[in-house]
Amino acid sequence: MHEQMTFYLNQIVEQNPLINCLTNKVTTNFQANALLAIGASPIMTDEPDASPLVSAQSQAIVINIGSPFNQDKMEAIELSIKAAIDKQIPVIIDPVGVAALSNRLAYIEHLLSEYEIAAVCGNYSEIAALAGAKSNGKGVDGGHPEGEMTDHLLKVANLYQTVVVATGKTDYIANQTAVYAHQYGDALLGYVTGTGCVATTIVAAFISQAPTPADYLTAATLATGFYAWCGGRAVQLTTGPGDLPIHLLNQLYEHSVKANNKKTSDKELTNLTITQERMSSND
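Residues numbered from 1 in each chain as written. Predicted model: local features only at pLDDT ≥ 70, side-chain atom pairs only at ≥ 80, totals over all residues. Heavy atoms only, no water.

**Q** Could you give me a rundown of the packing of helix α2 (residues 28-37) against helix α10 (residues 244-254), with the residues and numbers involved?
**A** Taken N-terminus to C-terminus, the directions of α2 and α10 make an angle of 25°; their axes are 8 Å apart at the nearest point. Judged by the inter-axis angle, α2 sits roughly parallel to α10. Contacts from F30, N33, A34 and A37 in α2 reach P245, L248, L249, L252 and Y253 in α10. (Axes fitted to C-alpha atoms, helices over the stretch in contact; angles between N-to-C directions. Helix = DSSP H or I, 4+ residues; strand = E, 2+ residues; numbered from the N terminus. Parallel < 35°, antiparallel > 145°, perpendicular 65-115°, else oblique. Contact = heavy atoms within 4.5 Å.)

**Q** Tell me about the nonpolar core, and name the residues and values.
**A** With 52 residues, the main nonpolar core has F206, F226 and L252 as its most contacted residues. Residue contributions to this core peak at twelve residues, all from helix α9 (residues 216-237). Core analysis: the next-biggest nonpolar cluster, separate from the first, contains 39 residues, I65, I81, I117 and A181 among them. (Core = buried A, V, L, I, M, F, W, Y, C linked by side-chain atoms within 4.5 Å. Buried < 20%, exposed > 50% of the residue type's maximum accessible area, 1.4 Å probe, protein only.)

**Q** Account for the packing of aromatic side chains, with residues named and values stated.
**A** Counting across every chain of the model gives five aromatic pairs. Where Y124 meets Y172, the ring centres are 6.2 Å apart and the plane angle is 45°; that geometry is what we call tilted. Here the residue Y124 occupies a position in helix α6 (residues 124-130), and Y172 occupies one in strand β7 (residues 171-174), the gap between them amounting to 48 residues. Take Y172: its relative accessible area is 15%, and that puts it in the buried class. In this structure an aromatic cluster arises from ring pairing among F7, Y8, F206 and F226. (Phe/Tyr/Trp six-rings, centres within 6.5 Å; stacked < 30°, edge-to-face > 60°.)

**Q** Before we move on, could you go through the pairing of β7 and cite the residues and values that matter?
**A** Side chains D171 and I173 project from β7 onto one buried face, and the interleaved Y172 and A174 project onto a second face that is buried too. Sheet topology places strand β6 (residues 163-167) next to β7; three bridges connect them, and they run antiparallel. Counterpart to A166 in the pairing with β7 is Y172. Linking β6 back to β7 in an antiparallel pair, the connection comprises three residues. Sheet topology places β7 next to strand β8 (residues 178-182); four bridges connect them, and they run antiparallel. (Pairing = 2+ DSSP bridges.)

**Q** Tell me what's going on with the UniProt feature "binding site: ATP" (unreviewed entry) in the chain, and back it up with residues and numbers.
**A** The UniProt record marks C121 and T167 with the feature "binding site: ATP" (unreviewed entry), using the residue numbering of this structure. Taken together, the annotated residues stretch across 47 residues yet fold into one region, lying no more than 7.6 Å apart by C-alpha. Mapped onto the fold, C121 is located in strand β5 (residues 119-123). For C121, a relative accessible area of 3% corresponds to the buried category. Turning to its location among the elements, T167 is positioned in strand β6. (UniProt positions renumbered as here; feature names shortened; annotations may be inferred.)

**Q** Describe the state of the cysteines, and please don't skip the residues or the numbers.
**A** The tally for this structure, following the rule as stated, stands at zero disulfides. Among the cysteines around C21, which has no disulfide bond, C197 carries the closest sulfur, lying 10 Å off. (Disulfide = S-S within 2.5 Å.)

**Q** Quick rundown of the UniProt feature "binding site: substrate" (unreviewed entry) in the chain? Include the residues and the values.
**A** In this numbering, the UniProt entry assigns the feature "binding site: substrate" (unreviewed entry) to M44 and G194. Positionally, M44 belongs in the loop between β2 (41-43) and α3 (51-55). Leave out the neighbours within four places in its chain, and M44 touches N20, C21, T23, T28, Q31 and A32. Overall, the relative accessible area of 11% leaves G194 in the buried class. Ignoring anything within four residues of it in the chain, the contact list for G194 reads T27 and F30.

Rendered as structure tokens:
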């Protein structure tokens, strides 16, 4: 796993992939800085006339339906997805708010049904909503859905033939046949707006360097593991949510760009462990 992690991190730094994010205005700056911190090149173009042109030149695109969610953004999203798929560029979706707002849920279900999506990344409630389950989450908060999260992930993965990531106390990552998990994050991350949005952009950067679509699960699993691990280390250095983003960005940089520049293996990452939770009952 350490060799795979090193491969992806080095690839991102060396290739400097362009990631177009049609994203949440509340968290745009945080996402852009996180991508820069790991060596990627962010661009936030979501105008209907420009975004498809930028997306066609990118190595991955992020679709985040956080604020604003309006007709112009929906037009830009679909034009960008079409442009990306035409160039075989992976599309990663963050279904913000689908557990609370039926119009957002219907729109994401449309995108997942209509287009070939590389991965969908959300919190527990958002992924559960896509699986048809209820949750006690409020607004865009994660909450605690009914049923087992592993069941929800496998259902969504099989329904839409995509990789599924659910972030929370434990991060779960699945495709149609298997679910993986790790527990490196910290509850304090939930007190900073945008940490979930940033997770999706990190997944997009890793997926942009996947050798083939068959490697998207591995890329997403390593991405969430790396991000949560950096988040946990950042929490140890912080005094509260106010300076947490600073320490998080520093940790992302320390173990990607800085480690790559040193041309030495980041031995601290050797202890990062990801477990396989289960296989599909259909196997």
